[in-house]
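These are the residues of each chain, in order.
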Amino acid sequence: MEGSIDPRALFTLNYGVYILSTGYEGKFNGQIINALMQLTADPICMAACLHKDNYTTELVEKSGRFSISVLEDAVPLKFIGLFGFRCGREFDKFGECQYEIGSEGLPLVTEYTLAGIELKVLSVQEIFTHKLFIGQVESAQLLKEGNPLTYANYHRVKKGKSPANAPTSVFNQVK
Ligand SMILES: Cc1cc2nc3c(=O)[nH]c(=O)nc-3n(C[C@H](O)[C@H](O)[C@H](O)COP(=O)(O)O)c2cc1C
């Protein structure tokens, strides 16, 4: 047993699927993330883990802020592909989706989303290939009632894949 890692064991952990976005010097960008969780209640803080190579990571480090758009269960795979399989260095993702600007000035995607949350970065921790951003919530709004997309349903029902930059890309092997 010692030293063996069964990806099926890791796949028993639960996650949601979100768009993490930011804005810097007039440029908006965002990416899909499942590595997100709430950490504290007072004040409300969250942690998000982003690959070092992602354009979003670069912009979050520069801006010191990020937003979370909570995806609903009915979101099409194609829409997830826009934010999760393509890099914002090559095209303008926010030119291809509906969004609004939150009270703290960050973009919040309004298509296929249930809620929008804005955060300011408190700290950044390097973790090998990724950077862990801890943020404090500055605003949160419910856009509509509905079922949030779970990471398990993204894989099992929608038959989606996770690209190499996702911390949980090993799940592609489980199915
Ligand atoms: C379902 C799913 C989950 C993902 N989870 C993460 C994640 O937690 N962290 C991460 O860095 N990338 C994750 N990704 C990969 C990024 O969304 C992807 O690399 C994206 O193209 C980066 O875009 P950017 O270069 O414009 O920032 C995920 C992708 C998908 C489809």
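For the structure itself, consult the block above.
The structure displayed is predicted, hence computed values, not measured ones.

Here's the deal with the pairing of strand β3 (residues 36–41)
In step 1: Two elements, β3 and strand β4 (residues 44–51), share five bridges in a ladder whose sense is antiparallel. Along β4, the bridge assignment pairs L36 with A48.
In step 2: Hairpin connection of β3 to β4: two residues between the antiparallel strands.

Looking at the pairing of β4
In step 1: Here β4 pairs with strand β9 (residues 130–142) via seven bridges, running antiparallel. From the neighbouring strand, C45 faces β9, where its bridge partner is Q136.

Notes on the sheet that holds β3
In step 1: Taken in spatial order, the seven strands make up an open sheet running β2-β1-β5-β8-β9-β4-β3, and their pairing is antiparallel. Since the sheet does not close on itself, it has two edges, and those belong to β2 (27–33) and β3, each with one partner. With strand direction ignored, the average angle separating the axes of adjacent strands in the sheet is 30°.
In step 2: Relative to β2, strand β1 (residues 18–24) is paired through seven bridges, and the arrangement is antiparallel. Of the residues in β2, the one forming a bridge with T22 is N29.

As for the site of the ligand
In step 1: Taken together, 26 residues sit near the ligand, with A35, N54, T56, G84 and G88 positioned nearest.
In step 2: Contributing elements (two or more residues each) for the shell around the ligand: β2, β4, α2 (55–63) and α3 (77–84).
In step 3: Examining the composition of the shell around the ligand, we find that four residues originate from one element, β2, more than from any other.
In step 4: Here the residues of the shell around the ligand are counted per class, giving 14 nonpolar, 11 polar and one charged.

Comments concerning the environment of A115
In step 1: One can find A115 in strand β8 (residues 113–127).
In step 2: Here A115 falls in the partly exposed class, since 18 other C-beta atoms lie within 10 Å of it.
In step 3: Taking the C-alpha atoms as reference, A115 lies 22 Å from T57; in sequence the two are 58 residues apart.
In step 4: Apart from the residues within four sequence positions on either side, A115 is in contact with V70, A140, Q141, L142 and L143.

A short note on the environment of L39
In step 1: Inspection of the secondary structure puts L39 in strand β3.
In step 2: Among the residues examined, L39 registers 11 C-beta atoms within 10 Å and is labelled exposed.
In step 3: Here the alpha-carbon distance between L39 and R86, two residues 47 residues apart in the chain, equals 29 Å.
In step 4: The residues touching L39, leaving out its near neighbours within four places in the chain, are C45, M46, A47 and I134.

Here is what the cut-offs are and how they apply
- Residues numbered from 1 in each chain as written.
- Predicted model: local features only at pLDDT ≥ 70, side-chain atom pairs only at ≥ 80, totals over all residues.
- Pairing = 2+ DSSP bridges.
- Helix = DSSP H or I, 4+ residues; strand = E, 2+ residues; numbered from the N terminus.
- Axes fitted to C-alpha atoms, helices over the stretch in contact; angles between N-to-C directions.
- Near = placed C-beta within 6 Å.
- Nonpolar A, V, L, I, M, F, W, Y, C, P; charged D, E, K, R; others polar.
- Buried ≥ 20, exposed ≤ 12 C-beta atoms within 10 Å, placed from the backbone.
- Contact = placed C-beta atoms within 7 Å.

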